[in-house]
Structure formats: C-alpha cells, structure tokens
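Survey of secondary and tertiary structure
Here is what each chain is made of, one letter per residue.
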Amino acid sequence: MQPTQDEVLTQHLTREYEWGFEAELEQELAPKGLNEEIIEFIWSKKNEPPFMLDFRLRAFRAWKEMKEPHWLNGRYDPIDYQNAYYYAAPKSVSENRPKSLDEVDPEIRRIFDRLGIPLHEQEILAGVAVDAVLDSVSVATTYKERLAQMGILFCSMSEALENYPDLVKKYLGTVVPYNDNFFAALNSAVFSDGSFVYVPKGVRCPLELSTYFRINARNTGQFERTLIIADEGAYVSYLEGCTAPKRSEHQLHAAVVELVALPNSYIKYSTVQNWYPGDKEGRGGVFNFVTKRGIAQENAKISWTQVETGSAITWKYPSVILKGDNSVGEFYSVAVTNNHQQADTGTKMIHIGKNTRSRIVSKGISAGKSNNTYRGLVQVSPRADNARNFSQCDSLLIGSDCGAHTFPYVEVKNPTAIVEHEATTSKIGEDILFYCNQRGIPTQEAVELIINGYCQEVLAHLPLEFAVEARKLLAISLEGSVG
Amino acid sequence: MLSIRNLHASVEGRPILKGLTLEVKAGEVHAIMGPNGAGKSTLAAVLAGKEGYEVTEGEILFEGQNLLDLEPEERSHAGLFLAFQYPVEIPGVSMIQFLRAALNAHRAAQGAEPLDTAELMALLKEKAALLKLDPSFLSRSVNEGFSGGERKRAEIFQMAVLDPKLVILDETDSGLDIDALKIVSDAVNALRAPKRAFIIITHYHRILQYIRPDVVHILADGRVVHSGGPELALQLEEKGYEPFLTPA
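The structure presented is a predicted model; accordingly, all values stated were derived computationally and were not measured. (Residues numbered from 1 in each chain as written. Chains lettered and ligands numbered in written order. Predicted model: local features only at pLDDT ≥ 70, side-chain atom pairs only at ≥ 80, totals over all residues. Heavy atoms only, no water.)

A few words on the interface of chain B and chain A. Contacts between the two partners involve 31 residues from chain B, matched on the other side by 20 residues from chain A. Viewed at the interface, chain A and chain B are joined by two salt bridges. Taking the shortest distance from any N to any O, the salt bridge between Lys50 of chain B and Asp431 of chain A comes out at 3.4 Å. On the surface where chain B and chain A come into contact, there are 14 residue pairs in polar contact (both at pLDDT 80 or more). (Contact = heavy atoms within 4.5 Å. Salt bridge = Lys/Arg side-chain N within 4 Å of Asp/Glu carboxyl O. Polar contact = N/O pair within 3.5 Å; in protein donor to acceptor, adjacent residues only side chain to side chain.)

With that out of the way, let us pick up the sheet that holds strand β2 (residues 14-24) of chain B. Residue and element names in this part refer to chain B. Strand order in the open sheet made by the four strands is β2-β1-β4-β5, with antiparallel pairing throughout. The open sheet is flanked by β2 and β5 (65-66), the only strands paired with a single partner. One ladder, built from eight bridges, connects strand β1 (residues 2-11) with strand β4 (residues 53-62); its direction is antiparallel. Following the sheet pairing, Ile4 is matched in β4 by Ile60. (Pairing = 2+ DSSP bridges. Helix = DSSP H or I, 4+ residues; strand = E, 2+ residues; numbered from the N terminus.)

Attention now goes to the sheet that holds strand β10 (residues 197-202) of chain B. Residue and element names in this part refer to chain B. Ordered in space as β6-β9-β10-β3-β11-β12, the six strands form an open sheet in which the pairing is mixed. Of all the strands in the sheet, the pair left with one neighbour each is β6 (80-83) and β12 (223-228). The sheet shows a mean angle of 20° between the axes of neighbouring strands, direction not considered. Alignment of strand β3 (residues 29-33) against β10, held across five bridges, turns out to be parallel. Bridging across to β10, Met33 finds its partner in Thr202. (Axes fitted to C-alpha atoms, helices over the stretch in contact; angles between N-to-C directions.)

This part is about the nonpolar core. Of all hydrophobic cores here, the largest spans 113 residues; its most connected members are Leu47, Phe98, Phe157 and Ile199 of chain B. When residues of this core are assigned to their parent elements, the largest contribution, nine residues, is made by helix α11 (residues 443-459) of chain A. When near neighbours in sequence (up to four residues on either side) are disregarded, Phe98 of chain B contacts Tyr435, Cys436, Arg439, Ile441 and Leu449 of chain A together with Ile90, Val93, Val142 and Gln158 of chain B. Ranked by size, the runner-up nonpolar core spans 56 residues in total, among them Trp63, Tyr81, Tyr86 and Ala160 of chain A. (Core = buried A, V, L, I, M, F, W, Y, C linked by side-chain atoms within 4.5 Å. Buried < 20%, exposed > 50% of the residue type's maximum accessible area, 1.4 Å probe, protein only.)

Taken as a whole, this structure holds 24 salt bridges over all chains when the rule is applied. Note that Arg56 of chain A and Glu48 of chain A form a salt bridge whose closest N and O atoms lie 2.7 Å from each other. As far as the burial class goes, Arg56 of chain A and Glu48 of chain A line up, both buried. The structure contains a network of salt bridges with shared partners spanning Asp163, Lys195 and Arg196 of chain B.

Below, the structure written as structure tokens:
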C-alpha cells in the first residue's frame, strides 16, 4: 500500500532543527525581571549617552500602560515578563569588547563557525560584511575598515551610540516611535544591541551588509535594534539571518528595525529567519514579535524581502511609509509554517506622497497543523495622487490539517489611486505530483521543485549569495511533508 | 515489450477494465480506439501507475518485469512515458529545471552521474531543434500559460528528451487544430524507432492519417473487442463503433 500524499507530505516536513546546539559560555546577566533599575543597569552597562536613559525610561513607562496584544490570528499564553533576563552577554565580550576579529573569544568563534559564519580574518565571507550578534551584544563586525574608507558606517548599535551619538539621536525612534506598540515599546526600553548602518550621500555600498543574530543564553529575551540610514542617493543591501538553540520553553524575540531612506536612496532589506520553531508537539520555539518599518522620502525606494521558516509564532509586518513623492515600497515574502507553527505576517504600505508605488508579493506555505496568515494594509492618503499598489497573496497548503488565511485591508482616500489585489489558494495536488513522478521525479524531490517554483518570484529578490541558502532552508523546513 | 493479460481494474470500486489483453512489440505502433467510457484513459493511468486505480486481476509485463510492482517514477525510469491528455502547469519551474530533475533521476536510477549544465543544455537544444521549438520555450515555466497545442508539443518534446521505450499518447490529438496536429504527428513520426513502441489512444481517425499504426484495437466495455490493420480505423470512421461492439 502506498502512503497517501498527505502522509508523504507530512513525513517530508519533519526533520530535526539543525541549528539547535547550545554553547557553554560564561555569561554576564542583569538581574531577572524588569523595572527602572534594570533599565538603568542596561544603560550604564553599555555606557550610553544620557539621552538614551531618557529614551528608554519613557518607553518603559509607556509600555507599562500598554496591554500585550492578542489580536493576531493565533494563540499563545501570556508571557511572564518578570521571569526573564533582559541583558545577557558573554563575559569575554561584556568585559572587554574585542577590537579586532583575532581577539574574539574562540568559544564564540566556534559557535559562528558551526553556523557557517566564519569570523576569522582569513576566512570571512567574500563580498559580505557581517555583524555577529550573540544574545544581547555584537561580538564582531567584519570589513569595518574597508567600509569606513568610503564613509560607510557599519557597526553594532552599542558602538554607534558610543561613536556617533548625534546620528543615532537624530534618527532613533523617528520611524518606529518608542510608544508605537507593546513590543516596540518593550524593545525601546531594554534593547541591548543590533546593527547600525549609515551610507553617506551618493555612495553605493559595494558589499552586502549582513547581521547574524544568535540567541544562546537561557531565559533571555533578545531585543535587537537595527537602524539603517541611506543618505541622499545612497544604496545599501542588508541581510539578517537568525537561529537559536532548541529549548523546551519559549524565547521572546522582540526586535525593532528602522529604515531611513532619504531622497533618491534605495534600501534593500532581506531576512532569512530561522529561529527555533519548537518541536513537533509545539513545545518551545521562539516568539518572533517584530516591528519593522521604513520611511521613504522623495524618489526613494525601500524593498523588503523575507523568507520566514522558523519561530513558534511569527508576528511581523515590515512596512513602508511612502512619504516622499515618487517613492517606491516593495514587500516580497515567503512564510513557511509546519507542525504547530503560527505565522501572522504581511506588510503595510502607507501612501502619502504623490505618484507613490507599492508592490506586495506574499507566498504562504502551510503544512502539518500550522496556521499561516497574511495580514496587510494598503492605505492611500487624500493627497497621494496617482498612488499605485499591486498585491498578490498566494497560499499553498500541504496536507489537510493546516490553515491559510488572508486579511488584506485597503483604505483609499484618493480617487486617483489604483489598488489591485490578487489572491490564490492551492494545494500541492496529486495531479502535479503524479505528473512529476511519471517523468521519473520522486515525490520528495517533486515537492522541493514545486515549492521552489512557487517561491521563485520572491527568492529572485534575495541577494544571490543567500538565495541558495534560502532554497536549502525551504527544502529542509518542508522535508518529510511528502513521502 | 509490453504484455497485458486479462487486466481487470477498478476506480473507486467500480470495474472499468474487464479482462483486457494486449501485446505490443518493440518498434510497433498500436492505436486504441473506442467509445467514451470504454476504459481508454483508465488503461493509460493503470500503465503509468496513477493512484486510485486498483488492479483486481491480471498482469502487466514490461520487458519481462512485473510493471505493477513498480512505483510511477520507477516505471518512468524503466522507459515508460505517458503523454498526458491534460498536462498540468508547474508555476515558476522552468522546462530546464524540470527536465534536469527528470533526467538526473533517470540517470541516478541507472547509477550514472548527473548531467552538467553544458551537457543538459546541449541535449535540450538539440531536441528542441528537432521539434522546431523556439529555444525560449525552455526558459518558460512548465505548461504555464501554454495553449493546448503548445502543451501537447511540450509533452512530445519531453518524450524526445527522456528517450523512452514505450510511449503512451493519451488523446494527444484532442483539442488540436489541424496545424498543431500535423506538427505533433511529424514529431512522433520522427521519433519512431525500432526499439521504441507507441500506444496511441484516440477517439478519432484523424491522427492516424498522419501516424500510420501497425495495429488498431477497438476497446469497448473494458476489453479489446476487435483488432485489425490500419484499415480498421477507416472502417470505424465510416460505420461507427456499433458493428464492432459485439465480440467476434
């Protein structure tokens, strides 16, 4: 008796998480819990300028008044915010930040080696500058000097606060205000590190900039903060990748990313998110509650590309505020959910300037008992003459126990706007698998082929070096889903 | 090459094939004709191993091997090719990617190394030229946005690339206009070879004017009720199926 397609598909989807190892590092932790003293501790630990204490405390006070949101299409138990550590740093970094790659603690290097991110001077990835963030702190940044020669600043947020406080002060919180939402406020209060990028006027950044986030410590939330500024006419392509050890308890990841695209600039932001998704029964896994937003000034362009395969719950809506005339926003997304994963993701395109254009391509793939939701908003303000939006939201179901949902919200207040929306839902049908089988392609391979084809339009927007990785990741996330 | 003996097959418990017997030798072209519901497409599905078609009696030997023991992809590796009546679309997967996967699966089954890109492209371009297909067709997604005629040509092209021993054309002629029919027929004729056999499943005599069969079978109510030479197809065209439906 042949296994049914569903059985086959389900098998294909059950493979162990490869990045689940844990390293023993000596940690420096803040005391458990969250209050104003802890925030002051983080602030002083990081030697931040005075304006930051004010920023953090305002955020904390706002957060205390807010309620944990539960409107997403999914469910989770309320989080005990007092039972977590808000600052965890490997001692070797926290006591004396390494000045060069050679000074990085070999233990930490080993972690990143295993993840395929070499931090040795001789082996660093060609063409890609990497900022490696472990728990709360950045441990190393490659190619820093070479970029600096062009005036490009690429460093951890901590270093930016130390070395370029005025730049940070000018832009921090201007895209995502400290009181934007519950998780953004929490992040603003306690964020520890993240990446900072500034590309000066007219400069085209010649390298892919990349941050690799890794959670290692136990019972810590990770709150990274990324700020990318492309000055007039500048171009930068940035990529973030993430993994975490396997743990039976949930881990909170509440990041904030702000993109500032000044006139005529172009920021391309790509994410390959592979946080630990939890086990087959839905135990453990990362809560990925993230606020990502960019503001595009005149003629500027912001393009988000994301491949989301990890996390127990993903809740994020990378958005673009199309403030300047003729600005462009794009969102290309592949979200894969398997087992008990829940994803509620999408984008907001806020058209304010005239002749603004946005494009949304979202591909959801659900398998196992998972739930995958696209939630998006296209808003056209009264003065946004000739705004254009095109949205395409496709859902692919594997097996019959999963769900796919689409909530496209549209608010148009200008009669010249043209907003188009297309949506499809499909299953990997027996017909298509049989067709592949008849040509000699085994079912497992056929599923990979079909899924890659289905995601092609999104994957094509990833930087070349990462497209290959993303394809592999998709295949692994869905392995065992077909037999 | 292919020996079908007393084949009985059901779909959802309903018997469709009821004792079908058929012998096909290498190099031969067999046409199978018959009224709607006679079991023509069921025969194609059973040969290719489609799920949901249950063989309740009889046997199928393909080059001495029990075909029913093989998975669909193994039948493909063994040299069986089905040109589908309704070829499906595979969005985002180019013909190159698709045939690379197919060819390499065939090669892996034979213990051969995968083709490198240069070899693959040379082979695909050669076959495309043989079928007078524009090479740009190789970069398009499999069957996506193809017209009916293009899909059928794409099936024949895949056949040419995979170089099978036994080809089943399941109503390949239906829905084709006369020009497309000629193109497809020419391609099939070009691929006739002493080591290759064809089974042409069709409603119409029309395609047999272009592809001359060695044997014509009339299938009715799940069995072969009459077999003859190419002239049989002509008689069918004139008299209809009725005179042939009482088994001789």
